[in-house]
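Spelled out, the chains give:
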Amino acid sequence: MEIDKAIKEYLINIEISEGKSQNTIENYRIDLKKYSEFLSIDGIDDTDFITLDNINSFVQNISKDKKSSSLSRIVSTIKSFHKYLSFRFDVENPSLNISVKNKEKRLPIYATIEEINILMNSFGNSEKDILNHAILELIYCCGLRVSEACNLLVNQIDLKNKYVRILGKGNKERIIPIPDNSLIILHEYFNIIRPIFLKKKINNFFINKYGRKITSEYVENMLKLTCENLNITKKLTPHKLRHSFATHLLERNADLRSIQELLGHSDIKTTEIYTHVNKRRLIESYNDFFMELKGEDNEKI
């Protein structure tokens, strides 16, 4: 089958049969487009002529500038694509033995509690500041993905009962409590600012001054600019606020299973990266303590 035609059929299948979110389907489409373009360079435009060597060459080519997480997702997409073709048309699956060199897993960057306080306390009382503060507050205090915050509907958040209901990856629902100290800014945005911004009926919780849905790009750029103005040198992103949420919970002795549920991770292994962050923090504190102790001993001498 023609590769581009096969990709279209596959994407329709995962939307209808597997109920994948539009965001996930778009990521798969982008990954497979790159795959198709790479194969076309070698003159391959039909799925019947794709070999394991072709797939390994593609993976090797993209691994040069891809993070481990992105590379794993792309490989998973290719495997899923060929598994579908194998099942649908009873043909051989060339992706069974894809060779992927494991990269060293980097620990996620996260903000300290002090940096979070500096960030959240930096906003003023303007309409725009209240909106921006509310968005970042909800992302951090509930560990949301930026797409989850931007797609949040009014009926998914209950400020009276202090919880937000999120439909995450794979349409998996999770209920996340909202801390009391975060409710103030969320109430202020929803009860005062949102009615001012509202131009016509729209169900999105976060809207801009034009009455339109807030985008992920807006949140990313806003956070970047805010950090620059505050001289926060860490490259904080909305997703790193999510990392910060998980790390701070773990530092306060929350159990890993609870953090997994709050983050919406389907696999506990994904959540386990935060145990390494906690161990690193423990070692740093241990070294700092003994450096101070050594300094005190020198003073006594």
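Residues numbered from 1 in each chain as written. Predicted model: local features only at pLDDT ≥ 70, side-chain atom pairs only at ≥ 80, totals over all residues. Heavy atoms only, no water.

1. Re the packing of aromatic side chains
Part 1 of the reasoning: A full pass over the atoms with the stated rule returns nine aromatic pairs.
Part 2 of the reasoning: For the pair F190 and F205, a centre-to-centre distance of 5.3 Å together with 15 degrees between the ring planes defines the contact as stacked. One end of the pair, F190, is in helix α8 (residues 180-197); the other, F205, is in the loop between α8 and α9 (216-229), and 15 residues separate them in sequence.
Part 3 of the reasoning: What makes F205 buried here is its relative accessible area of 1%.
Part 4 of the reasoning: A network of ring pairs unites the aromatic residues Y10, Y28, F81 and Y84 as a single cluster.
Part 5 of the reasoning: For the cation-ring pair, K234 lies above Y110, with the distance from its terminal atom to the ring centre recorded as 5.7 Å. (Phe/Tyr/Trp six-rings, centres within 6.5 Å; stacked < 30°, edge-to-face > 60°. Helix = DSSP H or I, 4+ residues; strand = E, 2+ residues; numbered from the N terminus. Buried < 20%, exposed > 50% of the residue type's maximum accessible area, 1.4 Å probe, protein only. Lys NZ or Arg CZ within 6 Å of the ring centre and 35° of its normal.)

2. Looking at the sheet that holds strand β1 (residues 157-158)
Strand pairing within a sheet occurs via backbone hydrogen bonds; the two strands may be parallel or antiparallel.
Part 1 of the reasoning: Strand order across the open sheet formed by three strands is β1-β2-β3, with antiparallel pairing between neighbours. The open sheet terminates on both sides in strands that have one partner only, identified here as β1 and β3 (173-177).
Part 2 of the reasoning: Where β1 lies against strand β2 (residues 163-167), two bridges are found, and the strand directions are antiparallel. For D158, the partnering residue across the bridge sits in β2 and is Y163. (Pairing = 2+ DSSP bridges.)

3. Focus: the layout of surface pockets
Part 1 of the reasoning: Estimated volume of the second largest pocket: approximately 500 Å³.
Part 2 of the reasoning: Forming the boundary of the second largest pocket are 21 residues, of which E137, Y140, C141, N181 and S182 lie nearest the centre.
Part 3 of the reasoning: Secondary structure elements with two or more residues in the lining of the second largest pocket: α5 (113-120), α6 (127-142), β3, α8 and α10 (238-251).
Part 4 of the reasoning: Considering only residue class, the lining of the second largest pocket consists of 13 nonpolar, six polar and two charged. (1 Å grid on protein atoms, 1.4 Å probe; cavity = no way out; pocket = protein on both sides within 12 Å on 5 of 7 lines; lining within 4 Å. Points joined across faces, edges and corners; volume = space filled by probe spheres on them. Nonpolar A, V, L, I, M, F, W, Y, C, P; charged D, E, K, R; others polar.)

4. Structural notes on the state of the cysteines
Part 1 of the reasoning: This structure, assessed with the given rule, holds zero disulfides.
Part 2 of the reasoning: We note that C141 lacks a disulfide partner, and the nearest cysteine sulfur, in C142, lies 3.7 Å from it. (Disulfide = S-S within 2.5 Å.)

5. Brief notes about the packing of α5 against α10
Part 1 of the reasoning: Put simply, α5 and α10 touch, their axes get as near as 11 Å, and they point 130 degrees apart. In terms of orientation, α5 lies oblique with respect to α10. Where α5 crosses over α10, the two elements pack in a sense that is left-handed. Taking contact as the criterion, the partners of I113, I116 and L119 in α5 are, on α10, L241, S244 and H248. (Axes fitted to C-alpha atoms, helices over the stretch in contact; angles between N-to-C directions. Parallel < 35°, antiparallel > 145°, perpendicular 65-115°, else oblique. Left-handed = near helix turned anticlockwise from the far one by under 90°. Contact = heavy atoms within 4.5 Å.)

6. So, the pairing of β3
Part 1 of the reasoning: Burial of β3 is one-sided: the residues R174 and I176 facing one way are buried, the residues E173, I175 and P177 facing the other way are not.
Part 2 of the reasoning: In this structure, β2 lies alongside β3, joined through five bridges in antiparallel fashion. The residue bridging R165 from the neighbouring strand is I175, located in β3.

7. Some points on the confidence of the model for the protein chain
Part 1 of the reasoning: With 84% of its residues at a pLDDT of 70 or more, the protein chain has an overall mean of 85.
Part 2 of the reasoning: Looking across the protein chain, the model is least confident in helix α13 (residues 273-300), with a mean pLDDT of 53, and most confident in α6, with 97.
Part 3 of the reasoning: A low-confidence stretch, residues 297-301 (pLDDT under 50), is modelled with zero contacts involving residues beyond four sequence positions or located in other chains. (pLDDT = per-residue confidence, 0-100.)

8. Digging into the pairing of β2
The two faces of a sheet get side chains in turn, since along a regular strand they alternate between them.
Part 1 of the reasoning: Going residue by residue along β2, you find V164 and I166 tucked away on one face and Y163, R165 and L167 left uncovered on the opposite face.
Part 2 of the reasoning: The loop that links β1 with its antiparallel partner β2 comprises four residues; one of these, K162, has a positive phi angle of about 65 degrees.

9. Here we look at the pattern of salt bridges
Part 1 of the reasoning: Taken as a whole and judged by the stated rule, the model has eight salt bridges.
Part 2 of the reasoning: Between R29 and E26 there is a salt bridge, with its nearest N and O atoms 2.6 Å apart. In this pair, R29 and E26 are both assigned in helix α2 (residues 22-41), three residues apart and thus about one turn of the helix distant.
Part 3 of the reasoning: A salt bridge links E115 to K234, with the shortest nitrogen-to-oxygen separation between them at 3.0 Å. On the criterion of sequence distance, the pair formed by E115 in helix α5 and K234 in the loop between α9 and α10 is long-range, its members being 119 residues apart.
Part 4 of the reasoning: Since its relative accessible area comes to 19%, E115 is described here as buried.
Part 5 of the reasoning: The class of K234 is partly exposed, set by a relative accessible area of 28%.
Part 6 of the reasoning: Here the salt bridges share partners, and the residues they tie into one network are R145, E148 and R174. (Salt bridge = Lys/Arg side-chain N within 4 Å of Asp/Glu carboxyl O.)

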